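What the coordinates show
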Amino acid sequence: MKIEGSHQLNAPRERVYQCLIDPEVLQRCIPGCERLEKTGENTYAATIRAGVGSIKGVFNGNVRLEDMRPPEHYRIVVDGKGGPGFLKGSGDFELAAQGDTTVIKYSGELQVGGTIASVGQRMIQGTAKMMASQFFTALEAEAKTAAGDAPPQHGFFRTALRWLSGRLRRLFTAPSTPE
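Quick look at the overall build of the chain
Secondary structure assignment for the chain yields four helices and seven strands. Scanning the chain from its N terminus toward the C terminus, one meets helices and strands in the order β-α-α-β-β-β-β-β-β-α-α. Buried positions account for 35% of the 179 residues belonging to the chain. Partitioning the contacts of the chain with sequence separation of at least 6, the portion at a separation of at least 24 is 50%. When the accessible surface of the chain is split by element, carbon and sulfur atoms take 55% of a total near 10,500 Å².

Things to note about the side chain of Thr101
Considering the arrangement of structural elements, one finds Thr101 in strand β7 (residues 101-113). Residue classification places Thr101 among the buried residues on the basis of a relative accessible area of 13%. Within the structure, Thr101 has its side chain in polar contact with the side chain of Gln8 (distance 3.4 Å). Only 2.7 Å separates the side chain of Thr101 from the backbone oxygen of Gln98, close enough to count as a polar contact. Residues contacting Thr101, with those up to four places away along its chain left out, are Gln8, Leu9, Asn10, Ala11 and Ala96.

Focus on the environment of Glu94
Take Glu94: it is sitting in strand β6 (residues 85-98). Given a relative accessible area of 36%, Glu94 falls into the partly exposed group. With 11 residues separating them in the primary sequence, Glu94 and Lys105 have C-alpha atoms 5.1 Å apart. Non-local contacts of Glu94, meaning those with residues more than four positions away in its chain, are made with Arg69, Glu72, His73, Val103, Ile104 and Lys105. Side-chain polar atoms of Glu94 contact the side chain of His73, separated by 2.6 Å.

Structural notes on the nonpolar core
Within the largest apolar cluster, 26 residues are counted, with the highest numbers of intra-cluster contacts made by Val16, Leu20, Ile104, Phe136 and Leu139. Broken down by secondary-structure element, the contributors of at least two residues to this core are α1 (13-20), α2 (23-29), β2 (33-40), β3 (43-52), β4 (55-69), β6, β7 and α3 (121-144). The element that contributes the greatest number of residues to this core is α3, accounting for six residues. Discounting residues that sit within four places of it in the chain, Phe136 has contacts with His7, Leu9, Phe93, Ile104 and Tyr106. Counting five residues, the second largest nonpolar core, distinct from the first, contains Val52, Ile55, Ile116 and Ile124.

Remarks on the pattern of salt bridges
For side chains bearing opposite charge, pairing can occur when the charged atoms are close. A complete count under the given rule lists eight salt bridges for this structure. Note that Arg35 is salt-bridged to Glu37, the shortest N-O span being 3.4 Å. Via salt bridges that share partners, Asp67, Arg69 and Glu72 belong to a single interconnected network.

What to know about unusual backbone geometry
Pro70 connects to Pro71 through a cis peptide bond whose omega is -10 degrees. Along the chain, Pro71 falls in the loop between β4 and β5 (73-82). Although it is not a glycine, Asn42 sits at a positive phi angle of roughly 60 degrees. Within the secondary structure layout, Asn42 lies in the loop between β2 and β3. In this structure, Asp67 takes a positive phi of about 50 degrees despite not being glycine. Tracing the chain through its elements places Asp67 in strand β4. For Asp67, a relative accessible area of 43% translates into the label partly exposed.

Calculation rules
- Residues numbered from 1 in each chain as written.
- Predicted model: local features only at pLDDT ≥ 70, side-chain atom pairs only at ≥ 80, totals over all residues.
- Heavy atoms only, no water.
- Helix = DSSP H or I, 4+ residues; strand = E, 2+ residues; numbered from the N terminus.
- Buried < 20%, exposed > 50% of the residue type's maximum accessible area, 1.4 Å probe, protein only.
- Contact = heavy atoms within 4.5 Å.
- Areas by Shrake-Rupley, 256 points an atom, 1.4 Å probe, with all protein chains shown as cover.
- Polar contact = N/O pair within 3.5 Å; in protein donor to acceptor, adjacent residues only side chain to side chain.
- Core = buried A, V, L, I, M, F, W, Y, C linked by side-chain atoms within 4.5 Å.
- Salt bridge = Lys/Arg side-chain N within 4 Å of Asp/Glu carboxyl O.

Everything listed is a geometric property; what it means functionally is a separate question.
Pasting the structure below:
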């Protein structure tokens, strides 16, 4: 299954890239991430609690960063197994600076098997989009803090409020079209 999209973050590209390769920041931003430990150069072991619909569980797996070109690109390769099944995938992240903001375009392939695959591709894609939105909302909050400052507080309600305020801000500051 293909997954792709883009998000605009109100933070400089260099800071966003730093956050994207920092395992502590990623652990705070990835929904359901309980553990993300460095096991080698650009390689991590992860434990994530996730699910689709009524099928939920804990996945243990590996994450590898490849083709790193700071601050504009990297590729992520993941594989994991858990009670509800398995997942394998890879994705490319392209970061483009637009003034004081950063646009992240991502695209990738994901294979899902086991019980979790029985819920259907549409439901899995919907869950993936929701998790991506939560991730990028939390990442933006992290990137807005200066390196070395205390990290922002995350949680479902804080992330939901950040997402909602960002949507409202974009709605009311959209460029007007001439009539």
